Amino acid sequence: MRNITISDLDAGQRLDKYLKKYLSGASSGFIYKMLRKKNILLNDRKASGSEKLNENDMITLYMSDATIDKFSTGPRDVLNGVKVRKGDYNAAIVYGGYSIDILYEDEHIAFLNKPAGLLSQKAQKDDISLVEIFESYVNITADTVSSVQRPGICNRLDRNTSGVVACGKTLKGLSALNEVIRERSVRKFYRCVVCGHPKDHMRLCGYLIKDDKTNKVKYYSNRQGSDASYIETVYDTVKRYKDASLLEVELITGKTHQIRAHLASCGNPLAGDVKYGAMRDMQLKHYLLHSYKLCFGKCEGVLAGVSNMVIKAPIPPEFDRYTDRIR
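Report on the accompanying structure. (Residues numbered from 1 in each chain as written. Predicted model: local features only at pLDDT ≥ 70, side-chain atom pairs only at ≥ 80, totals over all residues. Heavy atoms only, no water.)

## Here's the deal with the packing of aromatic side chains
So, point 1. Under the counting rule described, the total for this entry stands at six aromatic pairs.
So, point 2. Seen from their ring centres, F30 and F71 are 4.9 Å apart, and the 50 degrees between their planes marks the pair as tilted. Within this pair, whereas F30 is found in helix α2 (residues 28-36), its partner F71 is found in helix α3 (residues 65-71), the two being separated by 41 residues in sequence.
So, point 3. The exposure class of F30 is partly exposed, given its relative accessible area of 22%.
So, point 4. On the basis of relative accessibility, which here comes to 14%, the residue F71 falls in the buried class.
So, point 5. For the ring pair Y104 and F111, a centre distance of 6.1 Å and an interplane angle of 55 degrees mean the geometry is tilted.
So, point 6. Residue Y104 is classed as buried on the basis of its relative accessible area of 17%.
So, point 7. Chaining the aromatic ring pairs together yields one cluster made of Y104, F111 and F296.
So, point 8. For K216, the ring lying beneath its charged end belongs to Y276, and the centroid distance is 5.4 Å.
So, point 9. The ring centre of F189 lies 5.0 Å from the NZ or CZ of K293, which sits over that ring. (Phe/Tyr/Trp six-rings, centres within 6.5 Å; stacked < 30°, edge-to-face > 60°. Helix = DSSP H or I, 4+ residues; strand = E, 2+ residues; numbered from the N terminus. Buried < 20%, exposed > 50% of the residue type's maximum accessible area, 1.4 Å probe, protein only. Lys NZ or Arg CZ within 6 Å of the ring centre and 35° of its normal.)

Pasting the structure below:
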């Protein structure tokens, strides 16, 4: 028999979801069977699994320690092909050919440097995405005997956009990050290389309508129907090259393909972004867009660790390779 006391980190999730993480080696059928047979109780009462957990709730597992240990997730070096590489200054999550630097981490939150080519979230059932990789990382590093985490990501980047992604390791961390992002109290800056020479500084406003069939958005200077989303983008030119420019872009709003469509509407599509009007460059595998930094104001509670902090992701080497070639 084993008693598990729910901590504040694990409160707020369903009992069955908690059990599926705690007993990660067990099938769903086994867990529901144990619930039906009263081998798993919640606060000494029979439970269905749909109950929402509160802090200090008690889960009792009427199983042998050997059975529990067989099915439970303990600290490991590798999980689902994901492993952790420790460096002199920071750690990285390694999966397949991807190395994802951890830019900042504490008990509740983490910020990762997503490489281009990796999905933020699954598009199809068999896809591998940052969500699953981060989930495995949290389960590797967490002491799941006392705490089962509920990780997730807060700002999604397109597959070929690299850079800072905010992640919640716990329900509290995820909720707090989502709230400050929703309230736009976190400033989001990107770096990109565009075709041509736009003005030194611009504040762009307009509307986007997404076409789900083509996975493309269309920009309008005026609102066009109820499906149109308002967008606002600010940019400054950092450096000019022969036929291109390096920009720093601040997203005031955050919509699908906003930077790509907005800059293309000005006649300055991202280098390599054929979908939005750039010339094809056989030496570019993808367009050059990087989530460069997140700037936090005064924060309290679970976000106190990033109060007035700037989380910055180094510019990928492909930016320098491209600009060296076009100088």
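## Side note on the packing of helix α1 (residues 15-22) against α2
So, point 1. At a closest axis distance of 10 Å, the pairing of α1 and α2 adopts a crossing angle of 125 degrees. It follows from the interaxial angle that α1 and α2 lie oblique. Every pair of crossing elements has a handedness; the one defined by α1 and α2 is right-handed. Contact residues: L15, D16, L19 and K20 in α1; S28, I31, Y32 and L35 in α2.
So, point 2. When grouped by side-chain class, the residues that make up the contact of α1 with α2 number five nonpolar, one polar and two charged. (Axes fitted to C-alpha atoms, helices over the stretch in contact; angles between N-to-C directions. Parallel < 35°, antiparallel > 145°, perpendicular 65-115°, else oblique. Left-handed = near helix turned anticlockwise from the far one by under 90°. Contact = heavy atoms within 4.5 Å. Nonpolar A, V, L, I, M, F, W, Y, C, P; charged D, E, K, R; others polar.)

## Notes on the pairing of strand β4 (residues 58-61)
So, point 1. Two strands pair when backbone bridges link them, and strand β1 (residues 2-5) and β4 are joined in this way by four bridges, in the antiparallel orientation. Residue pairing for β4: R2 is matched across the bridge by L61.
So, point 2. Direction of pairing for strand β2 (residues 40-42) relative to β4: antiparallel, over a ladder of three bridges. Bridged to L42 within β4 is I59. (Pairing = 2+ DSSP bridges.)

## Regarding the nonpolar core
So, point 1. In terms of nonpolar packing, the biggest core is built from 32 residues, with I93, L112, C192, V249, I259, L263 and L270 touching the most fellow members.
So, point 2. Here this core gets seven residues from one element, more than from any other, and that element is helix α4 (residues 130-141).
So, point 3. Filtering out sequence-adjacent residues up to four positions away, L112 remains in contact with I93, I100, D101, I102, L103, L130, F134, G163, V164, V165 and C167.
So, point 4. Listed in part, the 20 residues of the second largest apolar core include I6, L61, I68 and F71. (Core = buried A, V, L, I, M, F, W, Y, C linked by side-chain atoms within 4.5 Å.)

## With respect to helix α6 (residues 258-265)
For an α-helix, the turn length of 3.6 residues means that residues three or four places apart are oriented alike.
So, point 1. Among the eight residues in α6, six count as buried, and that is most of the element.
So, point 2. For α6, the set of buried residues is Q258, I259, R260, A261, H262 and L263.
So, point 3. In this structure, the buried side of α6 is in contact with β12 (186-195), β13 (201-211), β14 (216-220), β15 (229-240), β16 (244-251) and β17 (289-296).
So, point 4. G267 sits one or two positions beyond α6 and adopts a positive phi of about 90 degrees.

## Quick notes on α2
So, point 1. Among the residues of α2, I31, M34 and L35 are the ones counted as buried. Down the axis of α2, the buried side of the element spans an arc of 105 degrees, and every buried residue falls inside it.
So, point 2. Next to the buried residues of α2 lie α1, β2 and β3 (45-46).
So, point 3. Phi turns positive, to about 65 degrees, at K38, one or two residues after α2. (Arc of directions from axis to C-beta.)

## Considering the sheet that holds β1
So, point 1. In spatial order, the strands read β1-β4-β2-β3; together these four strands make up an open sheet with antiparallel pairing. Two strands in the sheet have a free side with no partner beyond their single neighbour: β1 and β3.
So, point 2. Two elements, β2 and β3, share two bridges in a ladder whose sense is antiparallel. For L41, the partnering residue across the bridge sits in β3 and is K46.

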